Amino acid sequence: MSENIIQMKDVNKWFGDFQVLKDINLEVGLKQKIVVCGPSGSGKSTLIRCINRLEEHQKGKIIVDGFELSEDTKNIEKIRAEVGMVFQQFNLFPHLSILDNCSLAPIWVKKTPKKKAEEIALKQLEKVQIIDQAKKFPGQLSGGQQQRAAIARALCMEPKIMLFDEPTSALDPEMIKEVLDAMVNLAKGGMTMIVVTHEMGFAKEVADEVIFMDEGMIVEKAPTKEFFANPKSDRTKLFLSQIL
Amino acid sequence: MIKKLTFLNPNKENLNLYLFLGSAFFVLGILDVILNSSFEVNITFFLPRILNFFTPLFFGFLGLHLIRIELSGIKALDSLNKNINSNWVNAVLTLLVIFILIKIIPGLLNWLFFDANFIGSTKEECTGSGACWIFINVWIKRLVYGLYPNSEIWRINLAFILLIGTVISAFFVRPKIKKYIIIFLLFAFPFIAISLISGGNFGLVWVETNAWGGLSLTFIISIFALLFCFPIGMFLALGRRSSLPVIRYSSIGFIEFWRGVPLITVLFMASVMFPMFLPSGTFIDKLIRVVIAITLFEAAYMAEVIRGGLQALPRGQYDAGKSLGMGYWRMHLLVILPQALKLVIPGVANTFLALVKDTPLILVVGLLELVGMIDMAKTNPKWLGLAAEGYVFAGLVFWIICYSMSRYSQSLEKKYKTDR
Amino acid sequence: MKIKNLNFGLGNFLSDSAKFKNYLPQLLTLFVIIFIIGFFAFNAQTNMENRGIVFGFGFLAQEASFDIQFSLIDYDGSHSYARAYLVGLLNTILVASIGIFFATILGVVVGISRLSPNYLIAKFAAVYIEIFRNIPLLLQIFFWYFAALRALPLPKEAISFFDISYLTVKGWYIPRFIWTNFSILFYSLIAAIVAIIFIYTYAKKQQEETGKRIPTLIISTILIILLPLLTFLLGGVSLSFEYPTLIKQSPTIFNFTGGVGIIPELMALALALSLYTATFIAECVRAGIMGVSKGQKEAAASIGLTPGQVLKLVIMPQALRIIIPPTTNQYLNLTKNSSLAAAIAYPDIVLVFAGTAMMQTGRAIEIVSITMLTYLSLSIVISMFMNWYNKKIAIKEK
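Residues numbered from 1 in each chain as written. Chains lettered and ligands numbered in written order. Predicted model: local features only at pLDDT ≥ 70, side-chain atom pairs only at ≥ 80, totals over all residues. Heavy atoms only, no water.

1. Focus: the nonpolar core
Let me state the cut-off plainly: Put simply, a nonpolar core is a bunch of buried Ala, Val, Leu, Ile, Met, Phe, Trp, Tyr and Cys residues held in one set by side-chain atoms that sit within 4.5 Å of each other. Accessibility here uses a 1.4 Å probe with only protein chains present; expressed as a share of the type maximum, an area under 20% marks a residue as buried, one over 50% as exposed, and anything in between as partly exposed. Going along the chain from the N terminus, every DSSP run of H or I of four or more residues is numbered as a helix, and every run of E of two or more is numbered as a strand. By the convention used here, residues are in contact when the closest approach between their heavy atoms is within 4.5 Å.
Counting 207 residues, the largest nonpolar core has M8 of chain A, L310 of chain B together with F66 and L305 of chain C as the members making the most contacts within it. With 13 residues, helix α8 (residues 264-291) of chain C is the single largest residue contributor to this core. Beyond its immediate chain neighbours, meaning those up to four positions away, L305 of chain C contacts L104, W108 and V109 of chain A together with A300, V310, L313 and V314 of chain C.

This is how it looks when you write it as C-alpha cells:
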C-alpha cells in the first residue's frame, strides 16, 4: 500500500471516568476503504470523530496527512479541509439551499469565487444524482436525498479522506440503497474512506479491510474476504451471527 | 509575551510549587477585597488610588494563571480549571463574580438579619442600623387583610380554608367525583366566597369592598381571574380557529384588542370610563369591574397560549376524531383539548404567574392589595422612612409565591412529558 | 303553486343542517355583538347628555394649563392638550427606547452567561433571572424609586463623576451638549453610512468574483470615526458643554443649574424596566442558542470553517430566527409596561393624558380611547412587522 495517510498510535480516550478508546493502533493508506463495525457503545463513532478532532484524545498520537492532531488550531482547520465527514443525522444547514450548503465552505474556507464554487457544487450534486434539487431547501428533501446532499457538501472541499458515521442508520429502508450506491461510486473513484456502518453488503462489495470494535478496543482487523470467511475472535463471530 | 516569560508558565514538573504560589496569590486577592469591604482595611494603601482598586484583580488573576495546569493529574484541580479557569477571560469573570459577592453579601446579611430589629412595637425601638422589621410585625394584620374589620377576619380565613380543602380533596377522590368538584369550584364556590366575605346575609356584618385589601385581596383577585380566564381563553382560542368568519374575526378582534393595550389603561377604563356605559342609576361595585377587566385581559393572553397548543397538535388527531364520527364539540372535549392542554402547561403557568404579578396595578384605581397597603403603611406619620423594609417584605412574599408556582409548573411539565 | 314553492325553499334551508350550523351561530354572535355595542352606546349618550358633556375632540385644541415636569420639547401651560399628548408620547418613547436598549444588552449577556461552562457565572446569571423575574414590575419600580434612589445624597454632597456629572436624590445632572453646525456633522454621519453600504456591496461582489475578502469591518469602523472627526477639523463643527453647577438657592437649599437633569422618576423606571425585561430576553436568547442542534456546529466545523465563521454563517442565522420573534414581543411588553410610570408620576402618555388631562376635562371616553388607540397602533405596527419578518426568513419545509 502507499504511504499511510492516517496513523493512530496507542490512542486512548476517556469521557470523564469512562474509557471509550483503549490503545487504538490503526494505519490507513491512501485510497484504502475501511469499514468499522461493532455493537453500539463500542467506540467506533468516537474513533473516527477523533480523526477530524471533533473529539479530543488524551493519550497517544494521531497523524493525518502528515499533520499531528494537537491543540494547534491552525492545524486542525487545515486537517478538516482535507477530511470530509458525513453524519448519521445529515446535519445540512436548514436555512440555506442545497446549492448554498455545498458552496459555503469553498467560498469561505478556500476563498473560491462564487461562480466557480457553484460550478463545483453542481458537479458534485450531479455525481450523487440530485442536481435537480439544487435550489431546494433541506426541509423539502427526503432523507435519502438529504444524505446524498450531505455527501456532496463534504466532497465540495475536495478532501483526501472521507469519514462516514453510520450514514444510513437514520434512513428508511427504501432510501438506504440510493445512499450506498453513491458511496460505492465514490469508492470506485479512488477515495480513501473510513465507514462506520452495519451494512455488511456494502463492506463486502467495497471495503479493503474490516475492523471489529468492542468496548473501546480493536478486537479484529482483517482484509474483507478473510474477515467474513474466517473471523478469529469469538466476539467477532457472535457479532457477525447477529447481523448477517 | 507572557509565553516568553517561561517561569510564569505553569507546568506539571513543578506542580506543587505552582499550586502553592497560585493559591497564595489567589487567596491574597480575595483577602484584599474582604479586608477592604468588610473591615475598611487597605493592605495596599501605599499605591495610588487607581492601582489600589485593581490590585485584588491582579493578584487573583496571577494566582489563577499559575494554577492553570493542564492535565495535572489531580482530579479536583483539573475539574476546577476546566470549569472556572479555562482561559483568562473565564478567570477574570470568575474573579469579578467572587468580588461582587464578597462586597454585597455581608452587607446584605447585616441589613437583613444581624443589625435588624425584630421585636418591639414602635419605630423608636429600631435602634440598629439594619432593617426595622418591627414595622412589618406591627402592620402584618393590615398587610394581609387590608382594612377589613379585625373582628370579621375569620370569614376571610374560612373562605380560603374552604378553597384549599376543596382543591386538596380533588386530588384524592375518584375521577367521577372530580368532575363535580370542578363544577362546584367554578360555579358554586365563587358565590359562597363572595357572600361570606362581603356579608349582608345570614346575619353577617356587611363589609364594603373598599375595605378589602392586603394579601387576601391579592389572592381573591388572582383566584377569581385564574378560575375564569381559563375557560374564557379556551373559547376564544377555539373561536379564533373557527372556520366561521364572524366568529373568527370577532375572536381575533377581541384578543388583539386586550393584548394591545397596557393593563393600566384597562383598569382606568374599568374604573372611570365603564360607568358611563351603564344605564344611569345602576352601579356595579368597583372591585367587580376591576376583576372582570383583569379576567378578560388575561383571557386574551391565555387564548393565545392555548391556540399554540391547538396548532401544535398534529392534524392527524383532528382527522382521526372526524373519521370516528365525532362532532366538533365532542372531538374537542375528548381528543383535542386534553392533549393540547398538556402541551401548553408552561405557557398557562406563565400566564397565571403574570396575572399574580399584575395584581399590584390595581392600586392605581384605589384598591389596596399588598403593595398598596405597604404604600399606605409607609406614609403613616409614625412610620416614615421605612419604604425599603416594606418593599423588601412584599418582594419576598411575591417571590415565594411566584417561584413556587413556576417550580410546580416545571414539575407538572416533567410529569406529563414522561407520559407521552 | 307559488306558496308551495316558498315553503319548499324555506323547508330546504332549515333541513339543510350544514348551512344551518354555519349560519346560525354567526348570526347569533353578530346579534349579540351589535346588541352589546348598541346598549353601551345608548347608555353613554344618555349619561353624557345628563351631565351636559358633549362628545367631541375639540377639547384637544384648548389650553392645557398644567405644567409637565419633564419634556423633550418646548411646553408650558399655555400649550394645547394636543401638545401635552405629544409631550407624553415622546416621554413614553424615550423611556421605552432606553429600556429596550439596556434590556437587550443585559439580556444577551445574561442569556449567554447562563450557558457558560463556568459554574459561577452560569449560577450567577440563573440567580439574577430567578430573582428579577418573580417580583412584580410595579414593586421593582417602587423599590428603586422610593427606596434605592431616595438614598442618594442631597446636591450639596452629590456623587460626582470626574466633576462634570453629578448624581443626587433630585436627579442625575449631566453636561448639556451645545453644538454649532450640528447639521454638518449629521450629514457627515449619513455620508459615512452610505459609504459603508457601498463598501459592503462592493466587498460582497469582490468575494463572489474572486473569492478574496476585504476587511470591511475595519474599514467601516475607520470611516465612521474619521468622517465625523474631519467635520470638527475642517467643517466648522464644534461642541461645547454646559456643565451643571451648584448654586445656593437659600441658606439650606442647594441645587444644580445648567446641564441636563435626568429626573429620578425616569431613572427608576428605566432601571426597573431594563432589569425586569432583561430576564425574559435572556431566556429567549438562551432558547435560541440551545435550539440550534449540536450537529450543526459539528458539521460546520467538519467542513473546515473557523469558529468565527461557524458562528456567523451557521449558528447565528438559525439562532436569530428563534430569538427575534419572542424578543420583539418583549419589546412590546416593555413599551406597554412603561405605562406604570403613572404610579410614580413620570409624565408619560398615561399620566399626562389619561391622568391629568382627563381629570381636568372630564372627557373620559375620548381620552381613554385615544390612549388605548395609541398603544394599539404601536402593537399592530410591530405585529405586522413581525409577521412580515417571519414570512421572509421562514425556513422552507415540505
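From this point on, the discussion continues.
2. Examining the domain arrangement of chain B
Selection criterion: What counts as a domain boundary in this text is fixed by an automatic or database domain assignment.
When cut into domains, chain B gives domain 1 (2-114) and domain 2 (134-148 + 207-415). Here the C-alpha centre of domain 2 of chain B lies 48 Å away from the C-alpha centre of domain 1 of chain B.

3. Let's talk about the pattern of salt bridges
Defined as follows: One side-chain nitrogen of Lys or Arg within 4 Å of one carboxyl oxygen of Asp or Glu is enough to make a salt bridge.
Applying the stated criterion across every chain, the model contains 24 salt bridges over all chains. Here K188 of chain A ties to E205 of chain A by a salt bridge, and the two come within 4.0 Å at their closest N and O atoms. With a gap of 17 residues between them, K188 of chain A in helix α6 (residues 173-188) and E205 of chain A in helix α7 (residues 200-206) connect regions that are remote in the sequence. Comparing K188 of chain A with E205 of chain A shows no difference in burial state: the two are exposed. We note a salt bridge from K232 of chain A to E226 of chain A, for which the minimum N-O separation is 3.2 Å. Shared partners join several salt bridges into a network, and the residues in it are R114, E130, R133, E283 and R286 of chain C.

4. Considerations on empty space enclosed by the protein
Residues and elements named next belong to chain B. Where we set the bar: A cavity here means a set of 1 Å grid points, computed over protein atoms only, where a 1.4 Å probe fits but cannot escape. A pocket is an open set with protein on both sides within 12 Å along at least 5 of 7 lines, and lining residues have an atom within 4 Å of a point. Grid points are joined across faces, edges and corners, and a volume is the space filled by probe spheres set on the points. Lys, Arg, Asp and Glu make up the charged group, whereas Ala, Val, Leu, Ile, Met, Phe, Trp, Tyr, Cys and Pro make up the nonpolar group; the residues left over, Gly among them, are polar.
Counted according to the given criterion, the structure contains 1 cavity of 30 Å³ or more. The computed volume of the largest cavity comes to approximately 130 Å³. In terms of lining residues, the largest cavity is bounded by A159, F160, L163, F189, P190, A193, I197, F219, I220, I223, F224 and L227. Those elements giving two or more residues to the lining of the largest cavity turn out to be α6 (153-172), α7 (175-198) and α8 (214-240). The biggest single contributor to the lining of the largest cavity is α8, with 5 residues. Residues of the lining of the largest cavity, tallied by class, amount to 12 nonpolar, no polar and no charged.

5. A closer look at the confidence of the model for chain B
All names here are of chain B. Inclusion rule: Every residue is assigned a pLDDT by the predictor, reflecting its confidence on a scale from 0 to 100.
Predicted confidence across chain B gives a mean pLDDT of 82, with 95% of residues reaching 70 or more. Confidence scores differ between elements of chain B, with helix α12 (residues 315-323) showing the lowest mean pLDDT of 75 and helix α11 (residues 286-312) the highest of 90. As scored by the predictor, the complex reaches a pTM of 0.81 and an ipTM of 0.83.

6. Details of the sheet that holds strand β8 (residues 192-196) of chain A
All names here are of chain A. Spelled out, the test is: DSSP-based pairing: two strands are paired if at least 2 bridges between them are found. Axes, fitted as lines to C-alpha atoms, cover a helix only where it is in contact. Angles between the N-to-C directions of the axes lie from 0 to 180 degrees.
Across the sheet, 6 strands lie side by side as β6-β7-β8-β3-β9-β10; this open sheet has mixed pairing. Edge strands, defined here as strands with exactly one partner in the open sheet, are β6 (83-86) and β10 (217-223). Here the strands of the sheet are splayed against their neighbours by 15 degrees on average, with no regard to which way each runs. Note that strand β7 (residues 161-165) and β8 share 5 bridges and pair parallel. By the bridge assignment for β8, L163 is matched with I194.

7. Quick notes on the sheet that holds strand β1 (residues 159-161) of chain C
All names here are of chain C. Pairing is antiparallel in the open sheet, where 4 strands are placed in the order β1-β2-β3-β8. Each of the sheet's edge strands pairs with one partner strand only, and the pair in question is β1 and β8 (260-262). Mean inter-strand twist for the sheet, computed between neighbouring axes without regard to direction, equals 20 degrees. Here β1 pairs with strand β2 (residues 165-168) via 3 bridges, running antiparallel. Counted as the bridge partner of I159 is L167 from β2.

8. Observations regarding the interface of chain C and chain B
Our working rule: Whenever a nitrogen or oxygen atom comes within 3.5 Å of another N or O atom, the pair is scored as a polar contact, on the condition that within protein one atom can donate a hydrogen and the other can accept it, and that pairs from neighbouring residues in sequence are kept only if both atoms are in side chains.
Facing the 52 residues of chain C at the interface are 54 residues of chain B. Summed over the shared surface of chain C and chain B, the result is 0 salt bridges. Seen at the junction of chain C and chain B, the total is 14 residue pairs in polar contact (both at pLDDT 80 or more). At the level of elements, α2 (17-51), α4 (119-133), α5 (137-148), α8, α11 (349-361) and α12 (364-393) of chain C are the ones that each hand at least two residues to the side of chain C that touches chain B. Considering every element that reaches the side of chain C that touches chain B, the biggest residue donor is α2 of chain C, with 15 residues. For the side of chain C that touches chain B, a count of residues per class yields 35 nonpolar, 12 polar and 5 charged.

9. Comments concerning the packing of aromatic side chains
Here the distance between the centres and the angle between the planes together describe a pair of aromatic rings. Heads up, the rule is: The aromatic pairing rule takes the rings of Phe, Tyr and Trp, using the six-membered ring of Trp, and pairs them if the centres are within 6.5 Å, calling planes under 30 degrees apart stacked, those over 60 edge-to-face and the rest tilted.
Under the defined criterion, the tally for this structure stands at 35 aromatic pairs over all chains. Here F101 of chain C and F102 of chain C contribute two aromatic rings whose centre-to-centre distance is 5.2 Å and whose plane-to-plane angle is 75 degrees, an arrangement assigned as edge-to-face. Relative accessible area serves as the criterion here: at 45%, F102 of chain C is assigned to the partly exposed category. Consider the rings of F182 of chain C and F186 of chain C, whose centres lie 6.4 Å apart with planes at 25 degrees: the pair is stacked. With F182 of chain C and F186 of chain C both in helix α6 (residues 182-210) and 4 residues apart, this pair spans about one turn of that helix. Taken together through their ring pairs, the aromatic side chains of F274 and F277 of chain B together with F35, F39 and F40 of chain C make up a single cluster.

10. What to know about a negative patch on the surface
Stated precisely, the cut-off is as follows: Each patch is built from residues that are more than 30% exposed by relative accessible area and take part in no salt bridge. Like charges join if they lie within 9 Å; nonpolar side chains (Val, Leu, Ile, Met, Phe, Trp, Tyr) join within 5 Å. Surface accessibility in these figures is a Shrake-Rupley result with a 1.4 Å probe; residues are shielded only by whichever protein chains are displayed. His is not counted, nor are the chain ends, whereas Lys and Arg count as positive and Asp and Glu as negative. Just so you know, the charge point we use is NZ for Lys, CZ for Arg, CG for Asp and CD for Glu.
A surface patch of negative charge is lined by E63, D67, D74 and D76 of chain C. If you trace the backbone, D76 of chain C turns up in the loop between α2 and α3 (81-114).

11. Thoughts on the packing of α6 of chain B against α8 of chain B
All names here are of chain B. Our working definition: Orientation is classified from the angle alone, with under 35 degrees giving roughly parallel, over 145 giving roughly antiparallel, 65 to 115 giving roughly perpendicular, and any other angle giving oblique. The hand of a helix crossing depends on one turn: near helix anticlockwise from the far one by less than a right angle means left-handed, and clockwise means right-handed.
Close contact between α6 and α8 brings their axes to 12 Å; oriented N to C, the two are set at 40 degrees. Put simply, α6 runs oblique to α8. In this structure, α6 crosses over α8, and the sense of that crossing is left-handed. Between α6, through I156, F160 and L163, and α8, the contact on the second element is made entirely by S216, F219, I220 and I223. Of the residues belonging to the contact of α6 with α8, the class tally is 6 nonpolar, 1 polar and no charged.

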